[in-house]
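Here is what each chain is made of, one letter per residue.
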Amino acid sequence: MLTINHQGRFGLVFGVANHRSLAAAIGEKLAASGARLAFAYQNERLRDMCDKATQDIPDRTLLECDVTRDDDLERTFGRVKEEFGGLDFLVHSVAFAQREDLEGAYRNTSREGFRLALEISAYSLLPMSRLAAPLMEGRKGSIITLSYLGAERAVASYNVMGTAKAALEQAVKQLALDLGPSNIRVNAISAGPVNTLAARGISGFRDILKIYEERAPLRRNITQEEVGNAALFLLSDLASGITGTTLHVDCGYHIVGY
Ligand code: NAP
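Now for a description of the structure that goes with this document. This structure is a prediction, so every number in the text was calculated from the model and none was measured.

So, how was this worked out
- Residues numbered from 1 in each chain as written.
- Predicted model: local features only at pLDDT ≥ 70, side-chain atom pairs only at ≥ 80, totals over all residues.
- Heavy atoms only, no water.
- Pairing = 2+ DSSP bridges.
- Helix = DSSP H or I, 4+ residues; strand = E, 2+ residues; numbered from the N terminus.
- Axes fitted to C-alpha atoms, helices over the stretch in contact; angles between N-to-C directions.
- Contact = heavy atoms within 4.5 Å.
- Near = heavy atom within 4 Å.
- Polar contact = N/O pair within 3.5 Å; in protein donor to acceptor, adjacent residues only side chain to side chain.
- Areas by Shrake-Rupley, 256 points an atom, 1.4 Å probe, with all protein chains shown as cover.
- Salt bridge = Lys/Arg side-chain N within 4 Å of Asp/Glu carboxyl O.
- Buried < 20%, exposed > 50% of the residue type's maximum accessible area, 1.4 Å probe, protein only.

### So, the sheet that holds strand 4 (residues 89-92)
Backbone-to-backbone hydrogen bonds join strands into a sheet, with any given pair of strands oriented parallel or antiparallel. The seven strands are arranged 3-2-1-4-5-6-7 in an open sheet whose pairing can be described as parallel. In this open sheet, the two strands that pair with only one neighbour each are strand 3 (61-64) and strand 7 (246-249). When strand polarity is set aside, the average angle formed by the axes of neighbouring strands in this sheet is 20°. Here strand 1 (residues 10-14) pairs with strand 4 via four bridges, running parallel. For Gly 11, the partnering residue across the bridge sits in strand 4 and is Phe 89. Strands strand 2 (36-41) and strand 3 of the sheet are contacted by helix 2 (residues 44-53), whose axis makes an angle of about 145° with strand 2.

As structure tokens, this is what we get:
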């Protein structure tokens, strides 16, 4: 039987808000493969939720990091260096847009709303990758982020988050080119809709879930666990030839025309 063994390898996971978070499912799979993990939460107010959602993961480290703050990011990667000595896996599962920018007309997105959404949801992958790279030296590092079909298509209410995901997917390609010579791979998972905190902020999210169930080739929605499995594959050496790509984990919804 083919097993993935990540004993002696280290990962840093951003984006566990609670037990439903896609990052929580990814963390579970990585931990089950033997990796030692650190989880970054946004601020003190959210520490307890992250703590609870990751409590079954042995020996995990919790670190506070608001990805809009360079000093937080530097301190976080510094702590990872101190504690782990290096890094093999980086999981970027972070996104944000103001509630008013996830409903109504896209053209009404404010300058500040646009800036915030792109900074948190796309730009943050750049400083994370820059800080991860020296820690991944000589270790076959792997970085993944989470995207959505709204990067490629116009999706009602997804609005500025679609713009942010388009930037994110292009950043994945650009970073793959940057970091490939250092043997670091960068990929995205484009996940189908899953009922999480972030998803509930999108106006009409429940309708999206229903439409996927009706129209996706597999006639159902995906589970967090399926995202976890795909992430484990992309992060592992099984995907050693894959970089700069977006893997759709959406029960095939993205291929359907009519
Ligand atoms: P989630 O559980 O709400 O996770 C979103 C995470 O982003 C939270 O942990 C949130 O932290 C974090 N975040 C937001 N602003 C931050 C900041 N300034 N600093 C640090 N962290 C910050 O929702 P999720 O669905 O798992 O989302 C994870 C990723 O998957 C996102 O990129 C999302 O766009 C993507 N995705 C989700 C779906 C879906 O349907 N659920 C589909 C495709 C792609 P706090 O809660 O602590 O603020």
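### A few points about the site of the ligand
Taken together, 27 residues surround the ligand, and among them Ser 21, Gln 42, Leu 46, Val 194 and Thr 196 come closest. In this structure, Gln 42 approaches the ligand through a side-chain N or O atom, which is 2.5 Å from an oxygen atom. Contact between the ligand and Thr 196: an oxygen atom at 2.5 Å from a side-chain N or O atom of the residue. Notes on the ligand: free accessible area 870 Å², of which the protein chains cover 91%. Taken together, the elements giving at least two residues each to the shell around the ligand come down to strand 5 (142-147) and helix 7 (197-200). A total of three residues in the shell around the ligand trace back to one element, the largest contributor, which is helix 7.

### Here we look at the pattern of salt bridges
Summed over all chains, the structure comprises 15 salt bridges. When the shortest N-O distance is used, the salt bridge between Arg 115 and Glu 119 registers 2.4 Å. Residue Arg 115 and its partner Glu 119 are located together in helix 4 (residues 111-123), separated by four residues, close to a single helical turn. According to the relative accessible area criterion, Arg 115 is partly exposed, its value standing at 39%. Each of Arg 9, Asp 88, Arg 139, Lys 140 and Asp 237 takes part in salt bridges that share partners, so that together they form one network.

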